[in-house]
Amino acid sequence: MPVLFVTIPLPPAPPGGEYGWAVWSSDGRKLRSQGSAVPALLPTSEEVTLCVPAAALSWHQLTLPQGSMSSAVRLRSVLNGLLEDRLLDEPEQLHFALEPDAAVGTPVWVAACNRIWLRSAVQAIEGAGRRVTRIVPEFTPQPAGAPTMAFAIGEPDDPRLVICGTDGVTLLPLDHAGLALAGTLPESTPTLAEPAVAELAESLLQRRVPIVKPAARWLQASRSAWDLAQFDLASTGRARASKKAAAIWRTVWHGPQWRAARWGVGVLVVAQLIGINAWAWKERSALEAKRTAVRSILTQTFPAVQLVVDAPVQMAREVASLQQATGDVSTNDLEPMLGALATSLPPGRIPTAIDYNAGQLRLRGLGLKTEEVNNIAGTLSARGYSARSEGDLFLVQAETPR
């Protein structure tokens with residue numbers, strides 16, 4: 001299933017403005033298409049990831065007090081109080097989002113942006129029939145111990161330098177003044193540049209800078225654990241849990257770090273299928289060998305049988321015919337039936353009428369109860385006969401060989 005990435009135009013953007021977009025394959029290996037369009041003309045996709053530009057976000061690190069995460073309302077109130085002195089706008093006008101797995105008592109990052117602008121963008125996209133599953137920041141602070149990274153982005157008339165470090169995300173103009181504010185970047189600092197500003201970045205930094213396309217940066221941003229859809233943009237715990245589960249699934253199914261595990265599971269499944277098929281083939285071969293042996297016994301014992309359809313039934317018939325020809329009795333004859341029945345009937349039960357025809361014995365006048373019929377049928381079954389009652393009539397006949 002292809003994944004659609006949409007980037008929001010910077011505020012103040014009109015609701016009907018154009019949004020940048022890119023469609024990647026489900027495994028993130030192939031960029032299928034990209035462009036810009038109004039929400040109604042965006043490509044159709046079941047999964048839309050919204051990317052918030054770096055210029056629209058501010059980053060703040062703080063420590064949450066005990067009890068602040070007991071509810072979303074209380075957490076929002078705590079954030080308003082802690083960030084009030086750090087913000088240029090009123091806290092009520094901003095949307096806040098905490099870093100993944102935030103906990104009280106430890107420093108956590110909080111991203112802030114214009115609430116009305118972000119909500120309007122989400123409503124415009126979802127109003128066009130595209131469901132937003134995640135909202136991710138274009139850039140995020142680096143985790144503790146990770147190296148600082150630099151990105152040259154934008155257009156020739158508005159070049160920007162983004163520095164992502166453990167102290168936050170800094171957005172500066174891509175010029176000598178911006179570099180002076182950033183300080184001296186070590187030669188080992190990983191740096192990437194968009195095609196439109198790559199030449200300018202190399203001229204300022206005095207070294208070659210690898211090129212990265214915006215669509216590739218959006219894809220990389222989606223692989224972080226960040227999701228800005230919090231508080232009023234994720235109003236229920238179920239919605240947050242669903243998005244978190246979806247993010248875990250995407251990471252496991254498409255993340256390159258899970259590729260070896262996916263291959264291992266695939267090999268295990270294939271091995272199991274091969275093993276099951278091999279076992280089934282072995283069982284079928286053994287069953288067919290038994291059937292062949294039974295047919296061979298029948299044709300060798302009774303050479304007159306040329307076509308074998310049901311070996312046990314045909315063998316029983318041939319044995320019965322041979323017994324009749326030699327004058328021997330079989331289970332289908334009257335005498336063995338009467339002998340088996342005589343040892344099974346309750347004392348004092350004597351039939352008033354006996355009829356025998358074509359291997360079936362009929363008796364009347366026994367006056368058997370249901371429990372007695374069941375006991376007699378069980379006793380006769382052990383001796384190769386079936387028995388049942390039909391009103392005053394009691395029927396006995398030899399069971400058909402299986």
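This section reports on the structure supplied with the text. (Residues numbered from 1 in each chain as written. Predicted model: local features only at pLDDT ≥ 70, side-chain atom pairs only at ≥ 80, totals over all residues. Heavy atoms only, no water.)

**Quick word on the overall build of the chain**
What counts here: We count a stretch as a helix when DSSP gives it H or I for four or more residues in a row; a strand needs E for two or more, and each element gets its number in order from the N terminus. Values of the radius of gyration come from C-alpha atoms, whereas the globule rule sets the reference at 2.2 Å times the count of residues to the power 0.38. Type-normalised accessible area, obtained with a 1.4 Å probe on protein chains alone, sets the label of each residue: buried when under 20%, exposed when over 50%, and partly exposed for intermediate values. Here, residues are in contact when the closest pair of their heavy atoms is within 4.5 Å. Surface accessibility follows the Shrake-Rupley procedure with a 1.4 Å probe radius. Residue values consider only the protein chains on display as shielding. Asp and Glu count as negative and Lys and Arg as positive, but His and the ends of the chain are not part of the count. Charge positions are represented by NZ for Lys, CZ for Arg, CG for Asp and CD for Glu.
In terms of regular secondary structure, the chain is built from ten helices and 16 strands. For 402 residues, the compact-globule estimate of 2.2 N^0.38 gives 21 Å, and the C-alpha radius of gyration of the chain, at 42 Å, exceeds that figure by more than 25%. The principal-axis extent of the C-alpha atoms belonging to the chain is close to 120 × 50 × 40 Å. In the chain, which comprises 402 residues, the share counted as buried stands at 38%. For the chain, the proportion of contacts with a sequence separation of at least 24, taken over those separated by at least 6, is 53%. When the accessible surface of the chain is split by element, carbon and sulfur atoms take 57% of a total near 23,200 Å². Measuring between centres, the 37 positive side-chain charges of the chain sit 5 Å from its 37 negative side-chain charges.

**Regarding helix α4 (residues 198-205)**
Stated formally: For this quantity, the arc is that covered by the directions from the helix axis to the C-beta atoms.
Taken together, the buried positions of α4 are occupied by A198, A201, L204 and L205. Considered in projection along α4, the buried side chains sweep an arc of 130° and stay on one side of the axis. Next to the buried residues of α4 lie β9 (149-155), α3 (176-182) and β12 (191-193). Just past α4, the residue Q206 takes up positive phi, approximately 60°.

**Some details on a negative patch on the surface**
The line we're drawing: By definition, no residue in a patch forms a salt bridge, and every one has over 30% relative accessible area; like charges are joined within 9 Å, nonpolar side chains (Val, Leu, Ile, Met, Phe, Trp, Tyr) within 5 Å. By convention in these notes, a salt bridge is any Lys or Arg side-chain nitrogen within 4 Å of a carboxyl oxygen on Asp or Glu.
Taken together, the side chains of E84, D85, D89, E90 and E92 define an acidic patch exposed on the protein surface. Tracing the backbone through its elements, the reader meets D85 in the loop between α1 (72-83) and β6 (94-98).

**A word on the packing of aromatic side chains**
In plain terms, the rule: In this scheme Phe, Tyr and Trp rings, the latter by its six-membered ring, pair at centre separations within 6.5 Å, and the angle between planes marks the pair as stacked below 30 degrees, edge-to-face above 60, and tilted otherwise.
A complete count under the given rule lists two aromatic pairs for this structure. When the centroid spacing of 5.2 Å and the interplanar angle of 90° are considered together, the rings of W59 and W226 count as edge-to-face. Taken together, the residues span a long stretch of sequence, with W59 in strand β5 (residues 58-63) and W226 in the loop between α5 (214-222) and α6 (237-254) at a distance of 167 residues. Each of the two residues, W59 as well as W226, counts as buried. With a centroid separation of 4.9 Å and 45° between ring planes, the pair formed by F139 and F151 is classed as tilted. In this pair, F139 sits in the loop between β8 (132-137) and β9 while F151 sits in strand β9, placing the two residues twelve residues apart along the sequence. When its relative accessible area of 5% is taken as the criterion, F139 is described as buried. The class for F151 is buried, based on a relative accessible area of 10%.

**Observations regarding the side chain of T191**
For clarity, the threshold we go by: Pairs of N or O atoms within 3.5 Å make up the polar contacts considered here, provided that, within protein, one atom can donate a hydrogen while the other can accept it, and that residues adjacent in sequence are counted only when both atoms are side-chain atoms.
Checked against the element boundaries, T191 lands in strand β12. Taking the relative accessible area as the measure of exposure, T191 reaches 9% and is therefore buried. At 3.2 Å, the side chain of T191 and the side chain of R207 are in polar contact. Among all residues touching T191, those that are not within four sequence positions of it are A150, L205, R207, V209 and P210.

**Quick word on the nonpolar core**
Using the following cut-off: To form a nonpolar core, buried Ala, Val, Leu, Ile, Met, Phe, Trp, Tyr and Cys residues must be joined to one another through side-chain atoms within 4.5 Å.
Ranked by internal contacts, the top residues of the largest apolar core, which has 37 residues, are V6, V52 and I135. Among the elements that line this core, the one with the most residues is helix α2 (residues 115-127), at six residues. If near-sequence neighbours (up to four positions away) are discounted, V6 is found in contact with Y19, G20, W21, L42, V48, T49, L50, C51 and I125. The next biggest cluster of nonpolar side chains, apart from the first, holds 16 residues, and it includes L341, L368, V373 and L380.

**Quick word on helix α10 (residues 370-382)**
Each full turn of the α-helix corresponds to 3.6 residues, which orients residues three or four apart in the same direction. Rule in force here: Here the expected span of a helix is defined as 1.5 Å times the quantity of residues minus one.
The terminal C-alpha atoms of α10, which comprises 13 residues, lie 19 Å apart, in line with the 18 Å expected from a rise of 1.5 Å per residue. Turning to α10, the residues buried within the fold contact α9 (334-342), β15 (385-390) and β16 (393-398). One or two positions beyond α10, positive phi appears at G384, with a value near 95°.

**Brief notes about the sheet that holds strand β3 (residues 31-37)**
Which entries qualify depends on this criterion: For two strands to pair, DSSP has to find at least two bridges joining them. Every angle, taken between N-to-C directions, lies between 0 and 180 degrees, and every axis is a line fitted to C-alpha atoms, over only the stretch in contact when it is a helix.
The strand order across the open sheet built from five strands is β3-β2-β1-β4-β8, with neighbouring strands paired in mixed fashion. Either end of the sheet is taken by a strand with one partner, and the two such strands are β3 and β8. Across this sheet, the average inter-strand angle for adjacent strands is 20°, counted without regard to direction. Strands in contact with α5 are β1 (3-7), β2 (19-24), β3, β4 (48-52) and β8; relative to β2, the strand with the most contacts, it is inclined by about 75°.

**As for the pattern of salt bridges**
Enumeration according to the criterion identifies ten salt bridges in this entry. Through salt bridges with shared partners, one network takes in R115, R119 and D232.

**Focus: unusual backbone geometry**
Positive phi values are uncommon outside glycine, yet Q206 reaches one of about 60°. Within the element layout of this structure, Q206 appears in the loop between α4 and α5. Residue Q206 is classed as exposed on the basis of its relative accessible area, which comes to 66%. With a phi angle near 60°, F231 is a residue other than glycine that sits in the positive phi range. With respect to the helices and strands, the residue F231 is situated in the loop between α5 and α6.

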